[in-house]
Every structure is written in C-alpha cells, then in structure tokens.
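Reading the structure
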Amino acid sequence: MRPQGATARTYQPTPTLTKRLRAWGLHHFQVCMQSLGQLVRSPFASLMTAAVIGISLALPTGMFLLLENAQRISLGLDGAIQLVLFLKLNVDDKDAEALAQQFRADPDIGKVTVIKREEALAEYRELSGFADALQALDENPLPAVLMVEPATRFTNADATEALLTRLAKLPQVDIAEFDLEWVRRLQAIIALVKRAVQLLAAVLGLAVLLIVGNTIRLAIHNRRDEIEIAKLFGATNAFIRRPFLYTGLWYGLSGSLIAWAVVGVSFWLLAGPARELAGLYHSDFELLALSGGWILALLASGAFLGLGGAWVAVTRHLQVIEPR
C-alpha cells in the first residue's frame, strides 16, 4: 500500500555512453547541416566570401606547383651533367676501358662514355682548324677521356663535387673538370623562390584567417539577441560556438574547392604551350598537375584555416556577450 498523498516515481535509467555519443553525433550533424543551409540561403554573399578565400589559397598552391615543376626540370638537367676526366698520357685505350668498367660497377655513377685517344684527336682535328699542324706531330698528344654521369640520386652540386673530388684522386686521372657554377646558381634561384612562396603562403593563410574571422564576427553580431536568449536558458559557450565553427569550416572547404578549380583550369591551359616548348628542345616534359595528395592537402588547409578563423572570432566575441 502506498501512503495517502504519495506520488509514484518513475524509474529513469541513466543514459548509456553509446546513447550519449549517438545524441552528441546527431546534434553535430544537425548543426553542420543547418550551417550549410544558412550559407545556401544567401548564395551571393557566401560565394563572394568563398571566392576570396579560394583566390587566397589558389595563389600559393599554383606557385608551389610551378616550383615543383621547376625542380623536376632541374633534376632533369642534373641528370645530363657530366664529369670530364682527362686521363694521363701513359694510360692507353685498353686501360681507359678497364677504368670505365670499374666506374660502371660504382653505385654513385650512372653512365660512363669512353673517348679513345684516336677519337679525341679526330674530333679535335675536325673542330679546331689545325688539321695541318697536327699532321706534323709524331705522336698523339691527346689523352683518353672519360665522360661520367653521376647517379640520379645526386641532385645537388655538393654531392656531385664530392664525387668529382673522389674521382680526381685516382692515379689514372690527370685532370677532372665539372662546371659547378651554373648548377649552384640554379639551385640558389630555386631556393630563393621556394622561400618567397612559403612567405606568400603564410601571409595569404593569415589573410584567410582574417576573412573568416571577420565574416563570423558579423554573423555573431547579427545573432547577438539569439545568443543572449540562449545563455539565459543555460546554453554553454561550447553549444553556442558550434554552429559558427561549422560555418567557418564550410567557408574553408568551399574556398579550397574554388582554389582547386582555379589551379586545375590554369594548369590545363598551360599544358599545351608547355608541351610545345618542350618539343622544341626534344623533351617529353609534361606539366605536373594537382595530384590526389595535393588536393587532400589543399582541402585540409582550407578546412583548418576556416575552422581556426572561426574559433578565434567566436571565442573572442562570446566572452563579451552576456544576458542583460
């Protein structure tokens, strides 16, 4: 028997962790879709903001891609570099060929070409214009020459110079030559451009943060009354912050998609002229376009910058909004 006036109590089990996670995930999904819906309902303003973000992301992305293509070209030029080894006069053609075979077994060396003494003399006679004077000589004054191409892993001048120094110490080698200056200049130019692109990317990344932050600040200002009412009903800052963070995320992702389209179309338009220019130099070089890794990095960068700009703006402005 229940005492008079007593009321029945209904047992309410504590929500399980799975149910809490499901409710948390459902709320995030709802807020995410609502934020996207708000952007869709004002397409012109949203597109303008996303376009500015897209251009800011497209500039460093395009320049990084151009730099990547320039590095591919420089690697191709490095592959054509040759070390010239003038052998001593007492080294005959047989010994020169034996030395070349020894070089071919060296993992640091990619290719070796032997110019025999008679071949060197014939080439010099043809190119120098002193054919009559050379006929007066009793013996061939020119040594055998080895043209050595470093292995493909030698992609910088320092490594190639170290290889040249090692080969120059061989007892059969009289003179070892290699023009390092133009390689060093090319690498210095590429390093300078790379640093400039990194600085540009940092500045434009900061610009994206400011663009998203200012957009979110305006959104918070327009919804100030709504935020104050939500706080009166006990809403936490995390709950209020969530839709603005998703808005920043959508801005960043949409800007990344626009940047992807801009860079992709630009390099598609450049591919034809680049192919024709490479053909004039008897090269099969093709412009490197955005790969899957580049695209994922671009989307992740846009999402991170959009989320970061929204976080900074909403955290700063929520602190000063309190119910009146």
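Described in the following lines is the structure provided in the data block.

Definitions and cut-offs
- Per chain, residues are indexed from 1 in the order of the written sequence.
- The predicted origin of the model limits local features to residues at a pLDDT of at least 70 and limits the giving and counting of side-chain atom pairs to 80 or more, whereas totals for whole chains, interfaces and linings rest on all residues.
- Derived side-chain values reflect all non-hydrogen atoms in the structure, with water molecules and hydrogen atoms excluded from consideration.
- In this text, helices come from DSSP runs of H or I with a minimum length of four residues, and strands from runs of E with a minimum of two, each type numbered from the N-terminal end.
- Criterion used throughout: strands pair if DSSP finds at least two bridges between them.
- Only the contacting stretch of a helix is used when fitting its axis, a line to C-alpha atoms as for every element, and angles between N-to-C directions run 0 to 180 degrees.
- We call two residues in contact when some of their heavy atoms are within 4.5 Å.
- Centre distance within 6.5 Å is the pairing criterion for rings of Phe, Tyr and Trp, where only the six-membered ring of Trp is used; planes under 30 degrees apart are then read as stacked, over 60 as edge-to-face, and the remainder as tilted.
- Note on geometry: a ring has a charge over it if NZ (lysine) or CZ (arginine) is within 6 Å of the ring centre and within 35 degrees of the ring normal.

Quick look at the environment of Asp106 now. Secondary-structure assignment places Asp106 in the loop between helix H3 (93–104) and strand E2 (109–115). Each C-alpha atom, one on Asp106 and one on Pro150, is 9.9 Å from the other, the two residues being 44 residues apart in sequence.

What follows covers the sheet that holds strand E4 (residues 173–177). Sheets are built from strands paired through backbone hydrogen bonds, the pairs being either parallel or antiparallel. Ordered by their spatial adjacency, four strands build an open sheet running E2-E3-E1-E4, and the pairing between neighbours is antiparallel. Each edge of the open sheet is held by one strand with a lone partner, namely E2 and E4. Here the average twist between neighbouring strands, direction ignored, is 20°. Strand direction decides the pairing type here: E2 and strand E3 (residues 145–150), joined by six bridges, are antiparallel. Bridged to Val112 within E3 is Val148. Taken strand by strand, H3 contacts strand E1 (83–87), E2 and E3, and its axis lies near 170° from that of E2.

Now for the packing of aromatic side chains. Evaluated as defined, the whole model comprises zero aromatic pairs. One Lys or Arg, Arg241, reaches over the ring of Trp311 and ends 4.8 Å from the middle of that ring.

On their own, these measurements won't tell you what the molecule is for.
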